[in-house]
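A closer look at the structure
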Amino acid sequence: MNKDITMNLRYCILLFAAGITTTAFSQQNREQLIAASQAGASPLFFDPAAGEIPVIQPPAFDNTKECTVRNGLPNFFNKVRPGKPVTIAYIGGSITQGVHCYRTSSARFIQSMYPSVKMQFINAGVSGTGTDLGACRLYEQVTQHHPDLVFIEFAVNGAYKEGMEGIIRQLWKADPNIDICLLYTAHNEHARIYAAGQIPDNVKGLETIADHYKVPSIHMALLPALLEQEGKLVWKSDNKTPGKIVFSNDGIHPITEGGDLYAGAIARSMQTLQTGATPQKHTLPAVLYSASWEEAKMLSPQELATFSNGWEKITPKDSVYLKQFAGWFPYIMKAEQPGASFSFKFKGTMFGIFDIGGPESGQMEIEVDGKPAKLKPMLPGTRLSEVTAADGRALLDRFSFFCNNRYRGQFECIKVEPGVHTVTMKISAAKADKRNVLGEKQLADISVNPAKYDRTVVYLGKILLCGTPLN
């Protein structure tokens with residue numbers, strides 16, 4: 001195959017893994033995307049004042065397209081006005097997880113609106129993931145902590161509509177008093193669409209959900225896009241540009257100035273949203289896309305599965321390489337020997353795994369109801385596949401472009417026909433062509449340390465389900 005075509009295919013795979021579907025990125029973005037997606041688990045609760053981050057002064061911007069109020073945030077504001085304590089959660093991808101991308105400075109501003117109110121803040125951002133995993137991890141990382149307000153940011157990471165609907169329905173089934181706000185971030189192609197007065201297609205899909213459930217939404221990239229159009233902002237640059245705001249280094253993840261512009265959109269919107277509205281219990285309308293994802297959950301491995309010989313239970317906090325994931329996984333089931341397997345039974349429509357990839361990661365074979373399963377990717381920007389009898393891949397590879405001497409949280413969701421299913425996942429003896437996966441620019445470590453890569457390890461942190469576990 002032509003070398004340039006091969007490199008482009010590898011890059012498309014990289015973008016797919018990151019949840020980004022556009023052709024608007026150059027070869028130089030690769031290393032920056034890798035760096036941005038390697039973060040482990042951040043502390044769940046955060047103090048926005050801890051890093052001496054100043055309260056932003058959002059620039060004046062009067063554009064009715066920036067925030068759509070709908071039913072607003074009535075319960076949140078009617079709780080903070082009399083001084084009652086509140087919990088605010090942020091759930092999203094790496095743009096939410098990052099300290100300077102918008103989350104911390106927006107939380108600092110919200111606290112400044114009501115300085116005497118006790119507020120606690122949750123960072124449920126997980127790099128490189130979308131609403132599919134978001135719906136599965138929602139209870140553990142958000143809902144069980146009884147939030148009063150939840151910001152949801154997944155516009156860059158796939159914007160999978162069914163997963164977003166599942167998140168909203170789960171929240172209101174747990175507590176109809178929770179207020180929800182959708183946040184729309186952007187990459188550089190999205191910015192050009194906003195500057196042209198349009199809305200990106202994936203955001204249009206999320207807006208249908210916001211309309212259906214009458215939750216507010218904020219187009220955080222609208223002002224930065226218009227500033228770029230006016231020549232006052234550079235969306236992507238590695239260097240300072242005199243007289244201009246540099247939004248990001250990679251076209252996706254804002255640096256401090258860009259993050260403050262994102263946070264400014266939230267600040268302006270919160271000032272708009274705080275007016276009017278009486279407290280109300282949110283009611284769930286009929287399902288718009290799918291009811292499956294309101295049954296999404298993740299379970300600790302031994303809570304559901306039976307493991308063969310060859311697996312060991314390890315604690316991430318005691319591991320030099322894996323301790324960064326202790327916030328997500330209290331324990332991990334690890335195996336390396338081909339043939340080591342685990343099995344579980346459930347009633348539902350999807351199963352999957354939330355695991356850790358690294359240099360030594362191997363591949364897995366999957367059986368569903370006693371038959372070998374082939375997997376066919378379903379939607380760009382998701383890690384969602386469906387079981388197929390024909391043209392799918394026979395192995396689930398846990399090594400990716402991101403695993404060059406690094407460890408990375410990753411996941412896979414596999415859709416099945418509704419019903420009761422028995423699943424067996426087994427480590428394969430077949431080894432991936434890791435040099436080919438890494439590409440020409442990432443061969444230094446594997447060339448020096450080939451034995452580190454010539455292994456078939458699986459690190460299982462959680463089992464994912466849309467449905468009900470069965471013993």
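Our structure's up above, just so we're on the same page.
Throughout what follows, the structure given in this document is the object of discussion. (Residues numbered from 1 in each chain as written. Predicted model: local features only at pLDDT ≥ 70, side-chain atom pairs only at ≥ 80, totals over all residues. Heavy atoms only, no water.)

1. What to know about the overall build of the protein chain
Rule in force here: The helix count covers DSSP runs of H or I at least four residues long, the strand count covers runs of E at least two residues long, and both are numbered beginning at the N terminus. Radius of gyration means the value over C-alpha atoms here, while the globule rule gives 2.2 Å times the residue count to the 0.38 power. Three labels apply to residues, based on accessible area from a 1.4 Å probe with only protein chains included: buried if under 20% of the type maximum, exposed if over 50%, partly exposed otherwise in between. Note on contacts: a residue pair qualifies if any of its non-hydrogen atoms lie within 4.5 Å across the two residues.
The number of helices and strands found in the protein chain is 15 helices and 21 strands. Taken over the C-alpha trace, the protein chain has a radius of gyration of 22 Å; the compact-globule value for 471 residues is 23 Å, and the two agree within 12%. With respect to the principal axes defined by its C-alpha atoms, the protein chain has extents near 60 × 50 × 40 Å. Here the protein chain holds 471 residues, and the buried ones make up 56% of them. At a minimum sequence separation of 6, the contacts of the protein chain that also span at least 24 residues come to 80%.

2. Observations concerning the sheet that holds strand β3 (residues 86–92)
Keep this limit in mind: At least two bridges found by DSSP between two strands is the condition for calling them paired.
The seven strands lie next to each other as β1-β4-β3-β5-β6-β7-β2, forming an open sheet whose pairing is mixed. The outermost strands of the open sheet, each flanked by one partner alone, are β1 (45–46) and β2 (67–68). Relative to strand β7 (residues 217–219), β2 runs antiparallel, the two being bridged by two bridges. Bridged to C67 within β7 is I218.

3. Quick word on the nonpolar core
Threshold: The criterion is simple. A nonpolar core is a set of buried Ala, Val, Leu, Ile, Met, Phe, Trp, Tyr and Cys residues joined through side-chain atoms within 4.5 Å.
In this structure, F76, F151, I152, L171, M270 and W293 are the most contacted members of the largest nonpolar core, which totals 103 residues. Per-element accounting of this core gives the leading share, eight residues, to helix α11 (residues 256–273). In this structure L171 touches L138, V142, T143, V150, I152, I178 and I180, once residues within four positions along its chain are discounted. Judged by nonpolar contacts, the second largest core, of 29 residues, contains F346, V368, I414 and M425.

4. So, the pattern of salt bridges
To be explicit about the condition: We define a salt bridge as a contact between a side-chain nitrogen of Lys or Arg and a carboxyl oxygen of Asp or Glu at a distance within 4 Å.
For the coordinates displayed, the defined rule picks out 20 salt bridges. With a closest N to O distance of 3.3 Å, E230 and K232 form a salt bridge. With a relative accessible area of 46%, K232 lands in the partly exposed category. E365 is the partner of K426 in a salt bridge, and the nearest nitrogen-oxygen pair spans 3.8 Å. Note that K426 is positioned in strand β20 (residues 408–427) and E365 in strand β15 (residues 363–368), a separation of 61 residues in sequence. Three or more residues are tied together by salt bridges with common partners; here these are D355, R383, R393, R398 and E412.

5. Topic: helix α5 (residues 103–113)
Quick reminder: α-helices carry 3.6 residues per turn. Residues three or four places apart thus point the same way. Taking burial as the measure, the 11 residues of α5 include nine buried ones, the bulk of the element. Among the residues of α5, those classed as buried are R103, T104, S105, S106, A107, F109, I110, Q111 and M113.

6. Describing the packing of aromatic side chains
In plain terms, the rule: Each pair of aromatic rings taken from Phe, Tyr and Trp, with Trp reduced to its six-membered ring, is defined by centres within 6.5 Å and is described as stacked if the planes are under 30 degrees apart, edge-to-face if over 60, and tilted in the remaining cases. In this scheme, Lys NZ or Arg CZ marks a charge over a ring once it lies within 6 Å of the ring centre and within 35 degrees of the ring normal.
Applying the stated criterion to the full structure yields 24 aromatic pairs. Aromatic pair Y160 and W293: ring centres 5.6 Å apart, planes at 85°, arrangement edge-to-face. Here the residue Y160 occupies a position in the loop between β5 (149–153) and α7 (161–174), and W293 occupies one in the loop between α11 and β10 (296–299), the gap between them amounting to 133 residues. Judged by relative accessible area, Y160 falls into the buried class, the value being 9%. An aromatic cluster is built from F307, W311, F342, F344, F346 and F351, whose rings are joined through pairwise contacts. Between the NZ or CZ atom of K313 and the centre of the ring of Y331, over which it lies, the distance is 4.3 Å.

Scope: geometric values only; no functional claims are made or implied.
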